[in-house]
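What follows is the residue order along each chain.
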Amino acid sequence: MESATYELPRVLITAPASGSGKTTVTCAILRALVQEGQRIAAFKCGPDYIDPMFHREIVGAQSAGNLDLFFTRAKKLRQMLAQGAQGVQMAIVEGAMGYYDGLGGVSERASAYEVAFETQTPAILVLDCKGMSVSAAAVVQGMTHYRPSIQPLQPNATIQGVILNRLSPALYPTVKGMIEKEAWNGFCAPKVLGFLPPLKDASLESRHLGLVPAGEVQQLEQKLDQLAQAARQFIDLEGLKQLAKTAPPLEFDLPKRPRRLTGDPKVAVAYDEAFCFYYQETLHLLEQMGAQLVYFSPIREEQLPPADALLLGGGFPELYAAQLAENCLMRQQIKTALEAGMPAIAECGGFLYLHERLKGMDGVAYPMVGAIAGEAFQTEKLQRFGYCTLTAKEDNLLGKAGAQLPAHEFHHWDSENCGASFVAEKPLRQTSWECVHGNERLYAGFPHLYLAARPQAAFSFLRAALAYRAKKDAFGCAL
């Protein structure tokens, strides 16, 4: 396979734990650099839809999607990073959870640390300093020394920079001095690249699925501009750029073009406030394979666009249950299409939409499409959260019996009828459960798929779409 190298200044922004403010710091830096006129690519570690939407649609960066070592191998990851950052001046990768937190909560595999290591990207630690002073140096020392540089002359994946969050300007010089004196990463003392003071008016709101979608944050533009101003005032952006330039050239294999179907199958993709969770890599793969993606809104549009297959992604249908229920024509058209054999993938929020009833945030059970018997309802905590591997119990829309698909679950809602066509198993743990309604025309369940990791599953989906079109043509009707 032909290989290539690409010069790409880059950093990875991480933290000891979720809730430390790494998304706020990342958005502040991205916004400041974009306002300078810099061409910046933004990536997100792990299975996350919302942060990339912020990076791309609101902050203004060139968002190039997710870097996830559960879904892809290291060689493919480097390829995605290099190709997604073509033509930019710098790439910023936002970590997930804590720096070393990986599969099953017991491993560093698929952690932000492993992404930094495999891509040789310098890491910057965001440390929440609320209620902390001297201990900040101890935390940085522990984080940097836990996995010191394996090769002292090539300190890839070591924490080489620190940004202090929620720290008062008066305390900053003292805490900075202690960290740079006491902390050590096995290669050098990490450089403190500035801080953000407490910014109550600029905080980015959160809820059960992480960062609130961009369209719902009050006065978002104003908040981001305030964050950018704080980044210019308190963060050493030039020092950050210089650190990014120390990253060695990326070495990666040039990709093979995926198999392409003739016939240009049309896939109707639900996309609005209720359904917006899609991996860009999956949508791009479908297009590379010859699909025409036709976007529509189950909330506002009454007509399902002419299509050969249906893609109902995740999102927040529970927040828009009343509006979805009111659109009777769309619900009926989708049910009729599914009953006629239209192939469909419905993940998490899309799966909820296919139920007979969905309880909204107000506790009211609203009528939905009715293709899945039973009701979907709210629970008090996350259900079956995290990565899993799906094994098909029978032949289905995405492959043969025994075929495996990497997936993940992230939902507070549950169902009276989760399906039993696949067995899901958590990595590195003896935990498994049955899930998904699956047959030769349907994948409908809570697990989110990353079809870019299994191109053969995407190919099978589109092949079924063409078979459905041929059936329609044979009967001379628009099913």
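It should be emphasised that the depicted structure is a prediction, and the values quoted were computed from it without experimental measurement.

What counts and how
- Residues numbered from 1 in each chain as written.
- Predicted model: local features only at pLDDT ≥ 70, side-chain atom pairs only at ≥ 80, totals over all residues.
- Heavy atoms only, no water.
- Buried < 20%, exposed > 50% of the residue type's maximum accessible area, 1.4 Å probe, protein only.
- Helix = DSSP H or I, 4+ residues; strand = E, 2+ residues; numbered from the N terminus.
- Arc of directions from axis to C-beta.
- Contact = heavy atoms within 4.5 Å.
- Pairing = 2+ DSSP bridges.
- Salt bridge = Lys/Arg side-chain N within 4 Å of Asp/Glu carboxyl O.

What follows is about helix α6 (residues 172-182). Note on helix geometry: an α-helix contains 3.6 residues per turn, so any two residues three or four positions apart are oriented the same way. Along α6, the residues that are buried comprise Y172, V175 and I179. Each buried residue of α6 sits inside an arc of 75° when the element is viewed along its axis, so together they form one side. In α6, the exposed positions angled more than 90 degrees off the buried face are occupied by P173 and K181. Packing partners of the buried residues in α6 comprise α5 (134-146), β7 (159-165) and β8 (191-196).

So, about unusual backbone geometry. Within the chain, C348 stands out as a residue other than glycine whose phi angle is a positive 50°. Note on placement: C348 falls in the loop between β17 (344-347) and α12 (349-353). Its relative accessible area of 6% is what places C348 among the buried residues. The phi dihedral of V436 falls on the positive side, at around 75°, and the residue is not glycine. Along the chain, V436 turns up in the loop between β25 (432-435) and β26 (437-439). Overall, V436 belongs to the buried group, its relative accessible area being 0%.

Of the two faces of strand β15 (residues 309-312), the one holding A309 and L311 and the one holding L310 and L312 are both buried throughout. In this structure, strand β12 (residues 266-270) lies alongside β15, joined through three bridges in parallel fashion. Looking across to β15, one finds that V269 is bridged to L311.

Looking now at the pattern of salt bridges. Taken as a whole and assessed by the stated rule, the structure comprises 18 salt bridges. Its salt-bridge partner being E36, residue K241 comes within 3.0 Å of it at the nearest N-O pair. Of this pair, K241 sits in helix α8 (residues 237-245) while E36 sits in the loop between α1 (22-35) and β3 (40-45), and the two are 205 residues apart along the sequence. Between D308 and K472 there is a salt bridge, with the nearest N and O atoms lying 3.6 Å from each other. Placement of the pair is D308 in the loop between β14 (292-296) and β15 and K472 in helix α13 (residues 455-475), with a sequence separation of 164 residues. Each of the salt bridges in this network shares a partner with another, and the network as a whole consists of E356, R357, K359 and E375.

Purely spatial values, then, with no claim about function.
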